[in-house]
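Fold and geometry: a report
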Amino acid sequence: MTNNLREVRISIGMSLAELARRSGASRQTITNIELHGQEPAVGLALSIASALRTDPYHIFFENYVMQGLQDKNKRVV
């Protein structure tokens with residue numbers, strides 16, 4: 001699963017270490033989520049979204065939903 005975590009974090013000028021500190025996760029965990037698409041547990045996803053002051057949907061699900069819609073449109077054509 002792809003996500004927007006890195007883009008959102010960078011857009012507000014927050015370092016990887018700061019996000020890890022504010023969300024209670026390790027830097028390695030944040031890196032795995034950003035670069036490898038690791039899916040965080042619900043509690044961690046909410047903590048990350050809270051630390052970034054944004055909706056978890058925007059970080060973790062927007063790309064997934066858009067990809068699903070694109071795939072569906074490809075099958076219809």
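Just above sits the structure.
About the criteria used
Throughout this document, residue positions are counted from 1 along each chain, in the order its sequence is written. It should be noted that, the model being predicted, local features are given only for residues of pLDDT at least 70 and side-chain atom pairs only at 80 or more, the latter also being counted only at that level, while totals for whole chains, interfaces and linings use all residues. Calculation of side-chain values draws on the structure's entire complement of heavy atoms; hydrogens and water are dropped beforehand. To qualify as a helix, a DSSP run of H or I must reach at least 4 residues; to qualify as a strand, a run of E must reach at least 2; elements of each kind are numbered from the N terminus. Three exposure classes are used, based on accessible area relative to the maximum for each residue type with a 1.4 Å probe and protein chains only: buried under 20%, partly exposed in between, and exposed over 50%. Whether two residues are in contact is decided by their heavy atoms: any pair within 4.5 Å suffices. Throughout this description, the term salt bridge denotes a Lys or Arg side-chain nitrogen within 4 Å of a carboxyl oxygen of Asp or Glu.

**Considering the environment of Leu52**
Relative to the helices and strands, Leu52 is located in helix α4 (residues 42–52). Judged by relative accessible area, which is 5%, Leu52 ranks as buried. Between the C-alpha atoms of Leu52 and Leu5, which are 47 residues apart in sequence, the distance is 9.2 Å. Setting aside residues no more than four positions away along its own chain, Leu52 makes contact with Leu5, Val8, Arg9, Ile12, Met14, Leu19 and Ile59.

**Concerning the side chain of Ser23**
Relative to the helices and strands, Ser23 is located in helix α2 (residues 16–23). Beyond its immediate sequence surroundings of up to four residues, Ser23 is in contact with Ile30, Leu44, Ser47, Ile48 and Ala51.

**Considerations on the pattern of salt bridges**
Applying the stated criterion to the full structure yields 3 salt bridges. Measuring nitrogen to oxygen at the nearest pair gives 2.6 Å for the salt bridge that ties Arg9 to Glu34. Here Glu34 lies in helix α3 (residues 27–36) and Arg9 lies in helix α1 (residues 5–11), a separation of 25 residues in the sequence. For the salt bridge of Arg21 with Glu18, the shortest nitrogen-to-oxygen distance reads 2.6 Å. Here Glu18 and Arg21 lie together in helix α2, a separation of 3 residues that amounts to about one turn.

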